[in-house]
Amino acid sequence: MEQPLNLSGLDLRAEIDRLRRERNAVVLAHYYQKPELQDLADFVGDSLDLSRKAAETDADVIAFCGVRFMAETAKILSPNKTVVLPDMDAGCSLEDSCPPEQFAAFRAAHPDHIALTYINCSAEVKGLSDIIVTSSSAETILAKLPADQKIIFGPDRNLGGYLARKTGRDLLLWPGVCIVHEAFSETELLKLRAQHPTAPIAAHPECPAVILDHADYVGSTRGILDYAKAMSGDTLIVATEPHIIHQMEKALPGKHFIGAPGADGNCNCNICPYMALNTMEKLYVALRDLKPQIEIEEGLRLRAKKSLDAMLSMASSSVGQGDLGPARVTGD
Ligand code: 13P
Ligand code: SF4
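Residues numbered from 1 in each chain as written. Chains lettered and ligands numbered in written order. Predicted model: local features only at pLDDT ≥ 70, side-chain atom pairs only at ≥ 80, totals over all residues. Heavy atoms only, no water.

In the annotation of an unreviewed UniProt entry, the entry for the protein reads Quinolinate synthase, and the organism field reads Sphingomonas gellani. UniProt, in the comment section headed Function (unreviewed entry), describes the protein in these words: "Catalyzes the condensation of iminoaspartate with dihydroxyacetone phosphate to form quinolinate." We quote the UniProt Sequence similarities (unreviewed entry) comment for the protein here in full: "Belongs to the quinolinate synthase family. Type 2 subfamily." (UniProt positions renumbered as here; feature names shortened; annotations may be inferred.)

So, on to the pairing of strand β3 (residues 61–65). With five of its five residues buried, β3 lies for the most part within the structure. Neither face of β3 is exposed, since Val 61, Ala 63 and Cys 65 on one face and Ile 62 and Phe 64 on the opposite face are all buried. Inspection of the sheet shows strand β1 (residues 25–30) paired to β3 by five bridges, in the parallel sense. Note on β3: the bridge partner recorded for Val 27 is Ala 63. (Buried < 20%, exposed > 50% of the residue type's maximum accessible area, 1.4 Å probe, protein only. Helix = DSSP H or I, 4+ residues; strand = E, 2+ residues; numbered from the N terminus. Pairing = 2+ DSSP bridges.)

Turning to the packing of aromatic side chains, a few remarks are in order. Two numbers describe a pair of aromatic rings. These are the distance of the centres and the angle of the planes. By the definition in use, this model includes three aromatic pairs. When the ring of Phe 106 is compared with that of Trp 174, the centres are 5.3 Å apart and the planes differ by 75°; the resulting orientation is edge-to-face. One end of the pair, Phe 106, is in helix α6 (residues 100–109); the other, Trp 174, is in the loop between β8 (171–173) and α10 (179–182), with 68 residues separating them in the sequence. Exposure remark for Trp 174: the relative accessible area of 7% places this residue in the buried category. Ring geometry for Tyr 217 and Tyr 227: centres 4.8 Å apart, planes at 15°, overall stacked. Here Tyr 217, found in strand β10 (residues 217–218), pairs with Tyr 227, found in helix α13 (residues 221–230); they are 10 residues apart in sequence, far enough to count as distant. Taking the relative accessible area as the measure of exposure, Tyr 217 reaches 5% and is therefore buried. These aromatic residues form a ring-pair network of at least three members: Phe 103, Phe 106 and Trp 174. The residue whose ring lies beneath Lys 53 is Phe 43, and the NZ or CZ to ring-centre distance is 4.8 Å. (Phe/Tyr/Trp six-rings, centres within 6.5 Å; stacked < 30°, edge-to-face > 60°. Lys NZ or Arg CZ within 6 Å of the ring centre and 35° of its normal.)

For the rest of this paragraph, the subject is the site of ligand 2. Around ligand 2 sit Tyr 32, Val 67, Cys 92, Ser 93, Leu 94, Asn 120, Cys 178, Val 180, Glu 206, Cys 272 and Tyr 274, and that is every residue in its neighbourhood. Partitioning the shell around ligand 2 into residue classes produces eight nonpolar, two polar and one charged. (Near = heavy atom within 4 Å. Nonpolar A, V, L, I, M, F, W, Y, C, P; charged D, E, K, R; others polar.)

Let us look at the site of ligand 1. Around ligand 1, the structure places His 30, Tyr 32, Asp 46, Ser 47, Tyr 118, Asn 120, Ser 135, His 181, His 204, Glu 206, Ser 220 and Thr 221. Measuring from an oxygen atom of ligand 1, one finds a side-chain N or O atom of Glu 206 at 2.7 Å. Taken by itself ligand 1 offers 300 Å² of open surface, and the protein chains cover 96% of this. Taken together, the residues of the shell around ligand 1 break down into two nonpolar, eight polar and two charged. (Polar contact = N/O pair within 3.5 Å; in protein donor to acceptor, adjacent residues only side chain to side chain. Areas by Shrake-Rupley, 256 points an atom, 1.4 Å probe, with all protein chains shown as cover.)

This is the structure:
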């Protein structure tokens, strides 16, 4: 339930700055956060970069402007730090689509498979997995596994399907989806591209294949941002959560970024409702009260840490080069 906040008259930005100094706190933010949260963060990144920052920070407090699985990852990797999430209801549809009991049963039914699992899942599912991946590390990690290794990939069937098509590997897919990336409309995307025929399309691999088939570049949020910085043209169509466009406009003020549309013809239906729960007010309260805090039972934390550690060591060669694009796997 929304907390009734009466913070009128407070200079929230100044108060957040004061509290983070007093508490020796670091503010980490994902690219899908509101612009004001991205702008005040000490570090803005994709899931892999944020995990690395959480693992290496010497701050006492991590204030995580992102969703719950990201803040849980920070706590799993940095158990002695206080980790606060401005709104504990900031979940993820991919996490919801993969209940731990069902995932455990699926694993048990396929004992000859290892579980390569997307980081967008609960701590319990991490604890049931062998190796965690993010969209920027998945292909690098997959390439390090023996060709005859049988693999379950969950919970995102779109990322898993993309990896299977791109690498030719036979992955056993869990049927989860991201409600945000599922909402893009191929019909509306083609109409938009007809209006901007020279603009490339950059897409996140959580998009369904009908969208990825039209993409000139497929990659993580950081990968898409790097693609925007490297492109020679002046317009880019962006098929991921539209708040990332804030970083593009800051880095490339002369260029034009257009969010890919949903069925209603605009990109507002692709705003992540979970990411949107975090606000300046809630971040201020989280730093003031050190609540809501992420707590994870130690046995579960250690199980989940194993699969995250496997990711961090296997992804290490992928810094700046392990993203998924540029590529069209079909439809060229
Ligand atoms: P990235 O790892 O690309 O930042 O993706 C996180 C996410 O939740 C995308 O929906
Ligand atoms: Fe989860 Fe999709 Fe939101 Fe990312 S955009 S946090 S995958 S619901």
